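Architecture at a glance
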Amino acid sequence: MDIMEAIEKRHSVRQYTGVPVSDEKAKVLLDAISSCNESGSLRFRLIRNEPEAFSSPLAKYGRFSGVMDYISVAGPRSPDLGERCGYYGERIVIEAQRAGLNTCWVGLTYRRIPGALSVGKEEKLLGVIAVGYGKTQGIPRRTKSVSDICDIRGDEPEWFFIGLRSVLLAPTAMNQQKFRFSYADGMVTADPGHGFYTNTDLGIAKYHFETASGKGPEIWKLRRKKCPSHC
Ligand SMILES: Cc1cc2nc3c(=O)[nH]c(=O)nc-3n(C[C@H](O)[C@H](O)[C@H](O)COP(=O)(O)O)c2cc1C
């Protein structure tokens, strides 16, 4: 499965079979995690065969079941941590999808397990990504349209809209899609909007945009808000 197909097929999956991820697929995840940790200066970890984080009433309220493996999303405290976690976390999510696994970003509906899910003093745990064999492949959800997330001036190139169509497929906390994009003089400005996890959502969206448009990180005109307690 190529990356674009994986982006289209990915949906959040909350019900898993309860079968732990195989060693072969775990290796794919571990390779992706290690490459993202290095490129993004992050501290993501794969936590295997640990059902406790998703066995609390909160996780059940969030309709999670059968989660055996997950990735902790963490890194050294810094103003752009949320966005970096989103960008690299989504790269891992798409690699997981390509390997035939399902995923769900989780900021709230899980429980921190001392020992399994601990981070260093200078680090921040933003959340986790549940990963495994879904009971289903998930379903498409409602979405905003391209015109809802950008300011159109009329001189935008086609690649800008290709990027934005892929942004609309990106997972966002509570499906909020609060980001906004605009194009001027060959560069793209991206605004995260306000609310919980909007920086993380923006990082995820930027990964989708770059992948679909074929542009690299140099396309972004810098506009960043500080990372609040919830990124
Ligand atoms: C940063 C972030 C945090 C999320 N936190 C939760 C969560 O705590 N519980 C949950 O069930 N889903 C959570 N989600 C999943 C979103 O609800 C889901 O991505 C959104 O509804 C869009 O659906 P899709 O992923 O199928 O496209 C989170 C997603 C993101 C990006």
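Look up a bit, the structure's there.
Residues numbered from 1 in each chain as written. Predicted model: local features only at pLDDT ≥ 70, side-chain atom pairs only at ≥ 80, totals over all residues.

**Topic: the overall build of the protein chain**
Note the threshold: Only DSSP runs of H or I reaching four residues or more are called helices, and only runs of E reaching two or more are called strands; each is numbered from the N terminus. Restricting the calculation to C-alpha atoms gives the radius of gyration, and the globule rule supplies 2.2 Å times the number of residues raised to the power 0.38. Counts of 20 or more other C-beta atoms within 10 Å of a residue's own C-beta define buried residues, counts of 12 or fewer define exposed ones, and intermediate counts define partly exposed ones; C-beta atoms are placed from the backbone.
In terms of regular secondary structure, the protein chain is built from six helices and eight strands. In terms of overall size, the protein chain behaves like a compact globule, its C-alpha atoms giving a radius of gyration of 17 Å where 231 residues would be expected to give roughly 17 Å. The principal-axis extent of the C-alpha atoms belonging to the protein chain is close to 50 × 35 × 30 Å. Residues counted as buried form 41% of the 231 residues belonging to the protein chain.

**Quick notes on the nonpolar core**
A general feature of soluble globular proteins is that nonpolar side chains tend to end up buried together. Spelled out, the test is: Take the buried Ala, Val, Leu, Ile, Met, Phe, Trp, Tyr and Cys residues, join any whose C-beta atoms are within 7 Å, and the set you get is a nonpolar core. Any pair of residues counts as being in contact when their C-beta atoms, constructed from backbone geometry, are within 7 Å of one another.
Core analysis: the biggest nonpolar cluster contains 55 residues, and Ile71, Ile92, Val128, Ile129, Ala130 and Val131 have the highest contact counts within it. Once you skip the residues sitting within four places of it in the chain, isoleucine 71 turns out to touch Ile33, Phe44, Arg45, Leu46, Ile92, Val128, Ile129 and Val131.

**Brief notes about the sheet that holds strand β3 (residues 102-106)**
Quick reminder of the rule: Two strands qualify as a pair provided that DSSP identifies no fewer than 2 bridges between them. Axes here refer to lines fitted to C-alpha atoms; in helices the fit is confined to the stretch in contact. Angles between the N-to-C directions go from 0 to 180 degrees.
Judged by pairing direction, the sheet is antiparallel, and its four strands sit side by side in the order β1-β2-β4-β3 without closing on themselves. For this open sheet the edge positions go to β1 (45-47) and β3, each flanked by a neighbour on one side alone. Here the strands of the sheet are splayed against their neighbours by 25° on average, with no regard to which way each runs. Here β1 pairs with strand β2 (residues 69-76) via three bridges, running antiparallel. Residue pairing in the sheet places arginine 45 in a bridge with serine 72 of β2. The strands that helix α2 (residues 23-40) touches are β1, β2 and β4 (123-132); relative to β1, the one it contacts most, it runs at about 155°.

Worth remembering: the numbers are spatial, not functional.
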